[in-house]
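Geometric and topological summary
Here is what each chain is made of, one letter per residue.
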2 protein chains.
Amino acid sequence: MYPRDPFFKNKPYLTTRSLQPDNQETPIHFLENGETPTGLTYRRNHFPFPTLSTKSYYLTITGSVKTPITIQYNQITTMPSRTVTAVVECSGNKRAHFRPKVFGEQWKDGAISQGTWKGVPLFHLLQIAGVQDSVHEVVFEGNDSGIKKGQHVPFVRSLPLKKAMEHDVIVAWEHNHKQISPKHGFPFRLIVPGWYGMASVKWLKTIRVVDHPFSGPFQTDDYVYYPHKNNNEEAVPVTVSHVNSIIQQPLDRQILQLGQHEIKGLAWTGEGVVISVEVSVDDGETWKTATLHGQPRQFQWIKWSYSIVFEKNREYSIKVRAYDSNGHLQPDTAFWNQKGYGYNAVSQIKIKVE
Amino acid sequence: MYPRDPFFKNKPYLTTRSLQPDNQETPIHFLENGETPTGLTYRRNHFPFPTLSTKSYYLTITGSVKTPITIQYNQITTMPSRTVTAVVECSGNKRAHFRPKVFGEQWKDGAISQGTWKGVPLFHLLQIAGVQDSVHEVVFEGNDSGIKKGQHVPFVRSLPLKKAMEHDVIVAWEHNHKQISPKHGFPFRLIVPGWYGMASVKWLKTIRVVDHPFSGPFQTDDYVYYPHKNNNEEAVPVTVSHVNSIIQQPLDRQILQLGQHEIKGLAWTGEGVVISVEVSVDDGETWKTATLHGQPRQFQWIKWSYSIVFEKNREYSIKVRAYDSNGHLQPDTAFWNQKGYGYNAVSQIKIKVE
């Protein structure tokens, strides 16, 4: 009567938020430490997918450089490489939890995945081209484009030069040990570990070094924290991923039987590493330290768990908060902002024991 | 640059709510009139999937009958058949919308699908067995079983004899023109069009005619409306699907451009047919009649749409309500009940035009 056949191994699916553009969440409640399978890696697009071929594909490095260069696909993949396993999280992840609610894609907890990326360090490419002294930022243009506020625009983002020169920032051509899939940035994707996902430009076409602050709709309109409802004052650009966590089990509003249960989940942060995860089963009155599974690693999520015996038939409010090595912890209330970025309030669910 | 390749046809996925048991939602925001593809048909299980084979499979009809009978798989599929295209909706569909929140699987709008089922009318089987005069109900046992409140129990449900004798109630062996898939009830599934999905027992094993009201955990504990938070008074069994609708487009909290847009979705009801769908774009102040696409058919959902020009940069609260031929309409507020069944309040979203 019980599962014998591989058919009966239930598998999770991406959760479809929209199809135009293709926005699909990772089923993060059902994943473990390690790489998110490519087919379950979240997809967040601004425009239709570009269709590209390696045959005639080249990457251009231009702007304020000594020698503008053009590199063919087959050249770049023979360059010295670096491999990084990292969380990439959409800055709109968990947007649906903001109160008051905000407009935009209503991501729950799954606009995040962990993957292994192999590529050439960006600083190596910039060294070859020769960066001039006046340089301010490096601008990355993807091959994806479309209409935004009445204008046809490509997806373009910049990084400060200092960030761009960090050794973990790579121009990747492999994802999870294979050629990057067309839906995740093939042939090249910039990977900026520790920063929210908008920085990791897909379908990378051009790298342009500039001597002025770059402004474009995805730099100075979207992906900016606007803390006030009715004005755009005190705006701050979205950069590093906040310390954060998810409760994978139990599920919110689940009904459990009396007895022993495991509360488990994942925790991550953009800078430093997660050093502790705490669990409360009394709505935040008292906190206990969860077990971390494995060694905390920079840029990676870590599995945590906490075992508990539920002895009474009643409701429990469960809260979870992660701390990182830079002294950041998840706040009780998220930092509200107009466009709903960077949600990282204490994770919470309610369950009932009966 | 734009999609040419079938690869780039974005497809929706089931939304995974839990894996043990396997509970997955249909991506209903992205479907049209007609059959929901089997791979996108929602799955709601109480227990692990049973593994069954047609080789030794038979259906037993027993209890208060003149001649208890056992029918082999190959016999039943040669019997006179009836084909029904019907919505099957979990009674917990939209549970996540209840306020105050209730415990149980947090289904959003997708615990519903439409399929075509072919099988032998149940009344035909009951006539062969010969139903005795004292009969009260007909009890259906599935091959799925597991632990519920400390007891090992199978999934069992009953129907009043009157309902069981209706010609559209069938013992199906085909779903969407193929053998029923193992995850959707293979080899036999009872289909009770117009009733919530718990009545359509999967992996049907035994039909037992009884002369007393049947009580089992899925009949008198679950699948009962308990209208009061702190007591079980005025309990009413869950039966017919309520008149209901979904807004497929725009998505909740979507940001739209000025100009013409189509608001569209689906509407359905358990008894009778949907006769009208109304749309309000001013939070319910005024209502306009939507266009129904196609002829309303019993047991089937119907696509509706409403075209509008958004002329102002502001927020809009959009509401939708369906009426059926029995005079039912979606209420402003859902009928709250402890276990969260039958949610059918007016559908609503907010959008922003900019």
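Just so it is clear, the model here is predicted, and its values are computed rather than measured.

**Some details on the overall build of chain A**
- Counting secondary structure elements, chain A contains four helices and 23 strands.
- The C-alpha radius of gyration computed for chain A amounts to 21 Å, which stays within 12% of the reference 20 Å derived for 354 residues, consistent with globular compactness.
- Once the C-alpha set of chain A is aligned to its principal axes, its extents read approximately 70 × 55 × 40 Å.
- Residues classed as buried in chain A amount to 57% of the 354 residues present.
- Considering only contacts in chain A between residues 6 or more positions apart, those separated by 24 or more positions represent 70%.
- Counting only carbon and sulfur atoms, one obtains 48% of the accessible surface of chain A, whose full area is about 15,000 Å².
- Computed over 39 positive and 32 negative side-chain charges, the inter-centroid distance for chain A is 5 Å.

**What about the sheet that holds strand β20 (residues 291-293) of chain B?**
All names here are of chain B.
- The antiparallel open sheet is built from four strands, whose spatial order is β15-β17-β21-β20. Looking at the sheet topology across the chains shown, the edges are occupied by β15 (244-249) and β20. Sheet twist, expressed as the average angle between the axes of neighbouring strands with direction ignored, equals 30°.
- In terms of strand pairing, β20 meets strand β21 (residues 302-310) through three bridges, oriented antiparallel. Its bridge partner being in β21, Thr-291 is matched across the sheet by Ser-305.

**Points about the nonpolar core**
- Ile76(A), Leu125(A), Val171(A), Leu190(A) and Ile207(A) are the most contacted members of the largest nonpolar core, which has 43 residues in total.
- Counting residues per element, the ones that place at least two in this core are β3 (58-63), β4 (69-72), α1 (73-76), α2 (122-129), β7 (137-148), β8 (151-160), β9 (170-175) and β12 (204-210) of chain A.
- A total of four residues in this core trace back to one element, the largest contributor, which is α2(A).
- Excluding its chain neighbours within four sequence positions, the residues that come into contact with Ile207(A) are Leu59(A), Thr60(A), Ile61(A), Thr62(A), Leu122(A), Leu125(A), Leu126(A), Val138(A), Val139(A), Phe140(A) and Val171(A).
- In this structure, Tyr57(B), Trp173(B), Leu190(B) and Trp195(B) belong to the second largest nonpolar core, which totals 42 residues.

**Observations concerning the pattern of salt bridges**
Residue and element names in this part refer to chain B.
- A full pass over the atoms with the stated rule returns 32 salt bridges over all chains.
- Two residues, Arg-43 and Asp-22, come together in a salt bridge whose shortest N-O distance is 2.5 Å. Placement of Arg-43 in the loop between β2 (22-25) and β3 (58-63) and of Asp-22 in strand β2 is noted, with a sequence separation of 21 residues between them.

**Considering the side chain of Ser113(B)**
Residues and elements named next belong to chain B.
- Secondary-structure assignment places Ser-113 in strand β6 (residues 112-121).
- Among the polar contacts listed, one links the side chain of Ser-113 to the side chain of Thr-26, at a separation of 2.7 Å.
- A distance of 2.9 Å separates a polar atom in the side chain of Ser-113 from the backbone nitrogen of Tyr-42.
- Setting aside its immediate chain neighbours within four residues, Ser-113 contacts Thr-26, Thr-36, Leu-40, Thr-41, Tyr-42, Ala-86, Val-87, Val-88 and Trp-301.

**Some words on the UniProt feature "domain: Moybdenum cofactor oxidoreductase dimerisation" (unreviewed entry) in chain A**
- The positions that UniProt labels "domain: Moybdenum cofactor oxidoreductase dimerisation" (unreviewed entry) are, in the present scheme, residues 242-353 of chain A.
- Counted over residues 242-353 of chain A, helix gives 0% and strand 50%. Its end C-alpha atoms are 33 Å apart.

**Structural notes on the interface of chain B and chain A**
- Every contact between the two is made by 51 residues of chain B and, on the other side, 50 residues of chain A.
- Both sides together, the interface formed by chain B and chain A hides about 4,500 Å², and carbon and sulfur atoms give 61% of it.
- Joining chain B to chain A, the criterion identifies four salt bridges.
- Between Lys101(A) and Asp252(B) there is a salt bridge, and its shortest N-O distance comes to 4.0 Å.

**What to know about the side chain of Lys202(A)**
All names here are of chain A.
- Of note, Lys-202 is situated in the loop between β11 (189-191) and β12.
- Notably, Lys-202 is buried but unbridged: the nearest opposite-charge side chain belongs to Asp-144, and the N-O separation is 6.2 Å.
- Setting aside its immediate chain neighbours within four residues, Lys-202 contacts Arg-44, Asn-45, Gly-142, Asn-143, Asp-144, Lys-183, His-184, Gly-185, Phe-188 and Arg-189.

**Considering the relation of the copies chain B and chain A**
- Note on the copies: chain B fits chain A at an RMSD of 0.0 Å, the axial shift is 0.0 Å, and the rotation between them is 180°. Such a turn and shift between the copies fits a two-fold axis. Using C-alpha coordinates, one finds that chain B approaches the rotation axis most closely at Thr15(B), a distance of 2.3 Å.
- A share of 98% of interface residues in chain B that are also interface residues in chain A marks the association as one of identical surfaces.

**Quick notes on unusual backbone geometry**
- Looking along the chain, the bond that leaves Gln20(B) and enters Pro21(B) is cis, with omega of 0°.
- Here Pro21(B) lies in the loop between β1 (15-19) and β2.
- Cis geometry is found at the peptide bond from Gln249(B) to Pro250(B), where omega equals 0°.
- Relative to the assigned elements, Pro250(B) resides in the loop between β15 and β16 (255-256).
- Even without glycine at this site, Lys94(A) takes up a positive phi of about 70°.
- Within the secondary structure, Lys94(A) sits in the loop between β5 (82-89) and β6 (112-121).
- The phi torsion at His177(A) lies on the positive side, around 70°, for a residue other than glycine.
- Looking at the element boundaries, His177(A) is found in the loop between β9 and β10 (178-179).

**Things to note about the pairing of β2(B)**
Residue and element names in this part refer to chain B.
- Residues Asp-22 and Gln-24 of β2 are buried on one face, and the alternating residues Asn-23 and Glu-25, pointing to the opposite face, are buried as well.
- Relative to β2, β1 is paired through four bridges, and the arrangement is antiparallel. Bridge pairing in β2 places Thr-16 opposite Gln-24.
- Linking β1 to β2, which pair antiparallel, is a turn of two residues.

**A look at the sheet that holds β8(A)**
Residue and element names in this part refer to chain A.
- Taken in spatial order, the five strands make up an open sheet running β4-β3-β12-β7-β8, and their pairing is mixed. The open sheet has two free edges, formed respectively by β4 and β8, since each of these has just one partner strand. On average, each strand axis in the sheet is inclined to that of its neighbour by 25°, with strand direction left out of account.
- Judged from the four bridges that link them, β3 and β4 form a sheet pairing that is antiparallel. When the sheet's bridge partners are listed, Ile-61 is paired in β4 with Ile-69.

**Looking at the UniProt feature "domain: Oxidoreductase molybdopterin-binding" (unreviewed entry) in chain A**
- Listed under "domain: Oxidoreductase molybdopterin-binding" (unreviewed entry) in the UniProt record, and renumbered for this structure, are residues 46-216 of chain A.
- The span residues 46-216 of chain A shows a helical share of 9% and a strand share of 40%, and its end C-alpha atoms are spaced 14 Å apart.

How each quantity is defined
- Along every chain, residues carry numbers that run from 1 in the direction the sequence is written.
- Written order determines the labels here, with chains lettered from A and ligands numbered from 1.
- This being a predicted model, a pLDDT of at least 70 is required before a residue's local features are given, and a value of 80 or more before pairs of side-chain atoms are given or counted; all residues contribute to the totals for chains, interfaces and linings.
- Values shown for side chains rest on all heavy atoms present in the structure; no hydrogens or waters enter the calculation.
- Only runs of H or I of at least four residues qualify as helices and only runs of E of at least two qualify as strands under DSSP, and these elements are numbered from the N terminus.
- C-alpha atoms define the radius of gyration, and 2.2 Å times the number of residues to the power 0.38 defines the globule rule.
- Relative accessibility under 20% of the residue-type maximum defines a buried residue, over 50% an exposed one, and the middle range a partly exposed one, all with a 1.4 Å probe and only protein chains included.
- Note on definitions: a residue-residue contact is assigned when non-hydrogen atoms from the two residues lie within 4.5 Å.
- Only the protein chains shown count as cover for residues, and all accessible areas are computed by the Shrake-Rupley method using a 1.4 Å probe.
- In this tally Asp and Glu are treated as negative and Lys and Arg as positive; neither His nor the chain ends contributes.
- To locate a charge, take NZ of a lysine, CZ of an arginine, CG of an aspartate or CD of a glutamate.
- At least two bridges found by DSSP between two strands are what make those strands a pair.
- Interaxial angle, 0 to 180 degrees, is taken between N-to-C directions of lines fitted to C-alpha atoms, where a helix line uses only the stretch in contact.
- Here, the term nonpolar core denotes a set of buried Ala, Val, Leu, Ile, Met, Phe, Trp, Tyr and Cys residues that are joined through side-chain atoms within 4.5 Å.
- Salt bridges are defined by distance alone: a side-chain nitrogen of Lys or Arg within 4 Å of a carboxyl oxygen of Asp or Glu.
- Pairs of N or O atoms are called polar contacts if they sit within 3.5 Å, as long as, within protein, a hydrogen donor faces a hydrogen acceptor (for residues adjacent in sequence, only side-chain-to-side-chain pairs).
- UniProt positions are given in the numbering used here, feature names are shortened, and annotations may be inferred rather than shown by experiment.
- Accessible area, probed at 1.4 Å, shrinks when two parts are joined; the buried area is that loss added up over both.
- What sets the superposition is a least-squares fit of C-alpha atoms, and only residues with pLDDT of at least 70 in both copies go into it.

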